[in-house]
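Secondary and tertiary structure notes
Take a look at the letters that make up each chain.
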Amino acid sequence: MKLRRRLALLCLAAALAGCAEEAPRQKPRGQGGAPAYGDALVTGSIGEPSTLIPLLASDSASFDIAGLVYNGLVRYDKNLNLEGDLAKSWEVSPDGLDITFHLRRGVKWHDGHEFTSRDVLYTYRVTVDPKTPTAYSEDFKQVQSAQAVDAYTFRVRYAKPFAPALASWGMFMLPAHLLEGKEVTKSPLARHPVGTGPYVFKEWIPGQKLTLAANPDYYEGAPYLARYVYRIIPDASTMYMELKAGGVDMMGLSPVQYQRQTNTPEFLARFNKYRYPASAYTYLGYNLQLPLFQDRRVRQAITCAINKEEIVQGVLLGMGKVAHGPYKPGTWAYKEVVPDPGYDPARAAALLKEAGFVMGKDGILAKDGKPLSFTIMTNQGNDQRAKCVQIIQRRLKKVGIDVKVRVMEWSSFLTNFIDKGKFDAVLLGWTISQDPDQYDIWHSSKTEPKELNFIHFKNPEMDRLLVEGRGTFDVEKRRACYYKIQDILAVEQPYTFLYVPDALPAVSSRFRGIEPAPAGIMHNLIKWYVPKQEQTRD
Amino acid sequence: MANYLLKRVLMLFPLLIGITLITFTVIHLAPGEPVEMQTAMSPKVSAASRARLREFYGLDKPLHVQYGLWLSHLARFDFGRSFAPDNRQVTDKIVERIPITISLNVIALILEFGLAIPIGILAAVHRDTLLDRGISVFVFLGFAVPTFWLALLCMYFFGVKLSWLPISGIHSLGSERLPALARYWDVAKHLLLPVAIATFGSLAGLSRYMRSTMLEVLSQDYITTARAKGVRERAVIYKHALKNALLPVITLLGFSLPGLIGGSVIFETIFAIPGMGQLFYQGVMSRDYPLVMGILVIGAGLTLLGNLLADFCYAFADPRIRHGRG
């Protein structure tokens, strides 16, 4: 499940993203030691990057690497506020139509060329070029004109104010001097990228590893860690053993590993564990084209019948938070208190009775002789979702709803069921984007096949708020819109929002300078260091 | 003879085309397509950019046109470019993964035959003794234990607990800076576990086969004759019986040749070995048609070639076949 993030640059951060209030449970061990240059961070990845031209990539592994090699004009800081990256500053015109970026001077590409507005203009043009097979042109379609005013000033004009626009310029900048006039799909940069970022690409051994080296000329200063090695280890249990054997320095743990397998003194001495909410949530979505689910009371009743806390305990061993809406706890758009029904089986029974269902002899509710029965579908290969469905099935059985479960291979699931609207309910997840605009998921115009409002949620008030929320740059006004949106979702229950899981990374304790923040732990990678006497990798 | 050869070679072409036609149809029958896998459930993708991607890959053309195009490229030995976002030549992707798969398979095959044959002979000669039963238990244990489970146990024991062997991959970090000999030793250490476990798992079939053919030969009259005229038991077994018992085993060896380029997905995934099995699996899961077709064509080609070689050998040994009367 991937909800494309607003900002490609955040893919890396989002993988380990977190929240301020949830500081790590364990106090970091292995304190002290002066910052020193050297050593290498070895991480593992299940998947191999597909291409290192981020414009053409759609997998998280590609963005893990691209995030260290490239920069955008803007980025999210550790508290998830936008800040300048390659742009030192920017101005939005009072009417909200023009954005002017003032670029940082003296930033060098890894091959020594200077970064200028020509690169920005090229990156924009290649993104919207109809011949470029990219998935990211949508945000830039709203651009009316783009112009390199001088070498260090870049201006874009929009047809109407578009709040997610600013964040969209976090897109990674590509080197014009190496790409202009060439076919971007056949460029050697896909295997050997040249960027402006803190790490310089060194080598890629297919199927085995990628190696990056610290960029001594990085505009924010050279990173302490001399190398970053990205090993491809397709099996999660193998990766865990590599972690214990010292073959990798960092990996995201599963709840079982975090809770049950890593609390030995030996492990805790060698690793620091971190814990904070991930940028994702899991939900149960209803097909609102079916008469059964068009009745709001049925949806509310199902939410009342499900004990979300029990799911968090059972599936995540407590390593997560109950969700009430589509935003991450602790972010500015998140509303703490919403009129969510909560766990209340008695109310579930009352709501269903009100909706006209009567208990049958077999313990299943029925209306006009038709039993209250539906199928929950989910995708294969996700153990947490499979467990979740079983818990829900049992809870709903208790209030008299018969649930069948069907687990499908991902691509058949999408093509044969989601796209054709042939499902009752689905258990899936979304990645939470940094910008709170969720027009694509909830707006009534987004219900065509392959669009994301596949449950066909249609609510005029919601539509209005979604348009209003993306049409202004004023954070307070936007917050008001998104608060109301969360209230509507809590009452309407088009989804039963289930949980936001925790990200649970473990990092070798020889690494210092790690600073957990709402954006996770990777946001200050260039400040991580290993004291001289503890350096182990040359 | 020449006539027979020509006929057999000419037969290969319609066969190969038939195979590609069927595989092409089957892979396109699977729901979803490459564009789907890259863009599904992504809010940033409009219908227009999806259409653009489909056009880029030529998926907007009717199926028979796509097949025709692919076939005409193939005739020029061009497997096309992968539908993955990297858009690389399929040949490059295959070539970088074939060496490790072939070396692993060849080593495992040599070990398998080298161990299974003596084991089979031993079991046959000491039929129904404790040794025979012990061997049976041992090889069937290898056959029955799920290899991925055994692999994980061994990795934990030798890699994490004892730290004797590396856990996964085929090189240690920084091994490129070692002298040549140390580098080979490094690779050997990495391959030890995968090869040993693969071999252990495959001993049963071949050794049982060897045992039964050996028993069959040993019960024949000429063996009794040999023993009756006083030939030493060693000579009876290794000179008279073994030669005949080995013949069917050599046929088996012929059959396993096409398998050399295939890798086991589970095995490669657990040991993080970048081989053909993983490549093919990823190709299928992401509906990377040119890659899947490329691997299948090479596999089919090798299988046909293997069969052809086997037929030639038969023809050479058996006049009835080459004269078309068998």
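Residues numbered from 1 in each chain as written. Chains lettered and ligands numbered in written order. Predicted model: local features only at pLDDT ≥ 70, side-chain atom pairs only at ≥ 80, totals over all residues. Heavy atoms only, no water.

Thoughts on the overall build of chain B
Note the following rule: What counts as a helix is a DSSP run of H or I of at least four residues, what counts as a strand is a run of E of at least two, and both are numbered from the N terminus. The reference for a compact globule is 2.2 Å times residues^0.38; the radius of gyration itself is calculated from the C-alpha atoms. Summary of the burial criterion: residues with accessible area below 20% of their type's maximum are buried, those above 50% are exposed, and those between are partly exposed, where the area comes from a 1.4 Å probe applied to protein chains only. Whether two residues are in contact is decided by their heavy atoms: any pair within 4.5 Å suffices. A 1.4 Å probe and the Shrake-Rupley method give the accessible areas. Residues count as covered only by the protein chains that appear here.
Scanning chain B from N- to C-terminus turns up 15 helices and 0 strands. Relative to a compact globule of 326 residues, whose C-alpha radius of gyration would be 20 Å, chain B shows 25 Å and is clearly more extended. Along the first, second and third principal axes, the C-alpha set of chain B runs to 85 × 65 × 40 Å. Taken across its 326 residues, chain B has 44% of its residues classed as buried. Within chain B, contacts between residues separated by at least 24 positions form 71% of all contacts whose residues are at least 6 apart in sequence. Surface summary for chain B: the accessible area is close to 17,000 Å², and the carbon and sulfur share equals 70%.

Digging into the pattern of salt bridges
Residues and elements named next belong to chain A. The test is simple: The working definition used for a salt bridge is a side-chain nitrogen of Lys or Arg within 4 Å of a carboxyl oxygen of Asp or Glu.
Here the structure, examined in full by the defined rule, presents 36 salt bridges over all chains. Glu 354 is paired through a salt bridge with Arg 297; the nearest N and O atoms lie 3.7 Å apart. Taken together, the residues span a long stretch of sequence, with Glu 354 in helix 13 (residues 345-354) and Arg 297 in helix 11 (residues 296-305) at a distance of 57 residues. One salt bridge connects Arg 512 with Glu 534, and the closest N-O pair in it is separated by 2.7 Å. Of this pair, Arg 512 sits in the segment after strand 23 (505-508) while Glu 534 sits in the segment after strand 23, and the two are 22 residues apart along the sequence. For Glu 534, a relative accessible area of 29% gives the class partly exposed. Through salt bridges with shared partners, a single network forms among Asp 39, Asp 249, Arg 510 and Arg 537.

Overview of the sheet that holds strand 5 (residues 98-103) of chain A
All names here are of chain A. In plain terms, the rule: Pairing between strands is defined by DSSP: at least two bridges between them are needed. In this analysis, axes come from line fits to C-alpha atoms, helices being fitted only over the stretch in contact, and the angle between any two N-to-C directions falls in the range 0 to 180 degrees.
Pairing in this open sheet of 4 strands is antiparallel, and the strands run 4-5-7-6 from one edge to the other. Two strands bound the open sheet, and with one partner strand each, they are strand 4 (87-92) and strand 6 (143-150). On average, each strand axis in the sheet is tilted by 15° relative to the strand beside it, whichever way the strands run. Two strands pair when backbone bridges link them, and strand 6 and strand 7 (residues 153-158) are joined in this way by 6 bridges, in the antiparallel orientation.

Remarks on the pairing of strand 9 (residues 209-214) of chain A
All names here are of chain A. Counting buried residues along strand 9, 5 of its 6 residues qualify, which places the element largely inside the surrounding structure. For strand 8 (residues 199-205) and strand 9, the ladder comprises 6 bridges, and the chain directions are antiparallel. Paired with Ile 205 across the two strands is Lys 209, which belongs to strand 9. Where strand 8 folds back onto strand 9 in an antiparallel hairpin, the turn is made up of 3 residues, including Gly 207, whose phi is positive at roughly 75°. Direction of pairing for strand 9 relative to strand 10 (residues 227-232): antiparallel, over a ladder of 5 bridges. Among the inter-strand pairings, Leu 210 is bridged to a residue of strand 10, identified as Tyr 230.

Overview of the pairing of strand 14 (residues 280-286) of chain A
All names here are of chain A. For strand 14, the tally of buried residues reaches 6 of 7 residues, placing the bulk of the element in the interior. Sheet analysis places strand 14 next to strand 21 (residues 425-431), joined by 7 bridges and oriented antiparallel. For Tyr 286, the partnering residue across the bridge sits in strand 21 and is Ala 425. For strand 14 and strand 22 (residues 495-503), the ladder comprises 4 bridges, and the chain directions are antiparallel. Following the sheet pairing, Tyr 283 is matched in strand 22 by Phe 497.

Looking at the nonpolar core
Residues and elements named next belong to chain A. Rules: The term nonpolar core refers to a set of buried residues drawn from Ala, Val, Leu, Ile, Met, Phe, Trp, Tyr and Cys, joined through side-chain atoms within 4.5 Å.
Judged by nonpolar contacts, the single largest core of 86 residues is most densely connected at Leu 284, Ile 302 and Trp 442. Ignoring sequence-local partners within four residues, the contact set of Ile 302 consists of Leu 284, Tyr 286, Phe 293, Phe 374, Leu 396 and Ile 401. Leu 41, Phe 63, Leu 68 and Leu 225 belong to the second-largest nonpolar core, a separate cluster that totals 45 residues.

Remarks on the sheet that holds strand 18 (residues 370-371) of chain A
Residues and elements named next belong to chain A. Read from one edge of the open sheet, 3 strands run 16-17-18, paired in antiparallel fashion. This sheet does not close on itself; its edge strands, each paired only once, are strand 16 (358-359) and strand 18. Both strand 17 (residues 365-367) and strand 18 contribute to a ladder of 2 bridges, which runs antiparallel. The residue of strand 18 that forms the bridge with Lys 367 is Lys 370.

Concerning helix 3 (residues 47-57) of chain B
All names here are of chain B. Spelled out, the test is: By arc we mean the arc of the directions from the helix axis to the C-beta atoms, nothing more.
Looking at helix 3, one finds that the buried residues are Ser 49, Arg 50, Arg 52, Leu 53 and Tyr 57. End-on view of helix 3: buried residues confined to an arc of 155°, all on one side of the axis. Every exposed residue of helix 3 that faces more than 90 degrees away from the buried side is listed here: Ala 47 and Glu 55. Looking at the residues trailing helix 3, positive phi occurs at Gly 58, about 75°.

Focus: the domain arrangement of chain A
Residue and element names in this part refer to chain A. Cut-off, in case you're wondering: Annotation comment: domain bounds sourced from an automatic or database domain assignment. A 1.4 Å probe defines the accessible area here, and the buried area is the portion of it lost by two parts on being joined, summed over both.
Domain assignment breaks chain A into domain 1 (40-190), domain 2 (199-276 + 504-534) and domain 3 (280-502). Between the C-alpha centres of domain 1 and domain 2 there is a distance of 26 Å. The interface of domain 1 with domain 2 comprises 29 residues on the first partner and 37 residues on the second. Surface buried jointly by domain 1 and domain 2 totals about 2,900 Å² across both partners, of which 62% is contributed by carbon and sulfur atoms. Where domain 1 touches domain 2, the interface holds 2 salt bridges. One salt bridge connects Glu 515 with Lys 78, and the closest N-O pair in it is separated by 2.5 Å.

A closer look at the interface of chain B and chain A
The following threshold applies: Put simply, Ala, Val, Leu, Ile, Met, Phe, Trp, Tyr, Cys and Pro go in the nonpolar bin, Asp, Glu, Lys and Arg in the charged bin, and everything else, Gly too, in the polar bin.
In this complex, chain B contributes 45 residues to the contact, which on the side of chain A involves 62 residues. Together chain B and chain A conceal approximately 4,400 Å² of surface at their shared face, both sides included; 58% is due to carbon and sulfur atoms. Inspection of the chain B/chain A interface yields 2 salt bridges. Elements that contribute at least two residues to the side of chain B that touches chain A include exactly helix 2 (34-39), helix 3, helix 8 (147-161), helix 12 (265-271) and helix 13 (276-285) of chain B. Residue composition of the side of chain B that touches chain A, grouped by class: 20 nonpolar, 13 polar and 12 charged.

Section: the packing of helix 8 of chain B against helix 9 (residues 180-218) of chain B
A pair of packed helices is captured by two measures, namely the crossing angle of their axes and the spacing between those axes. All names here are of chain B. Applicable threshold: Should the near helix be turned anticlockwise from the far one by less than a right angle, the crossing is left-handed, and should it be turned clockwise, the crossing is right-handed.
Look at helix 8 against helix 9: their axes get within 10 Å of each other, and the N-to-C directions meet at 145°. Here helix 8 and helix 9 pass one another in a crossing that is right-handed. Seen from helix 8, the contacting residues are Thr 147, Leu 150, Ala 151, Cys 154, Met 155 and Phe 158; seen from helix 9, they are Leu 193, Ile 197 and Phe 200. Each residue belonging to the contact of helix 8 with helix 9 can be placed in one class, and the counts come to 8 nonpolar, 1 polar and no charged.

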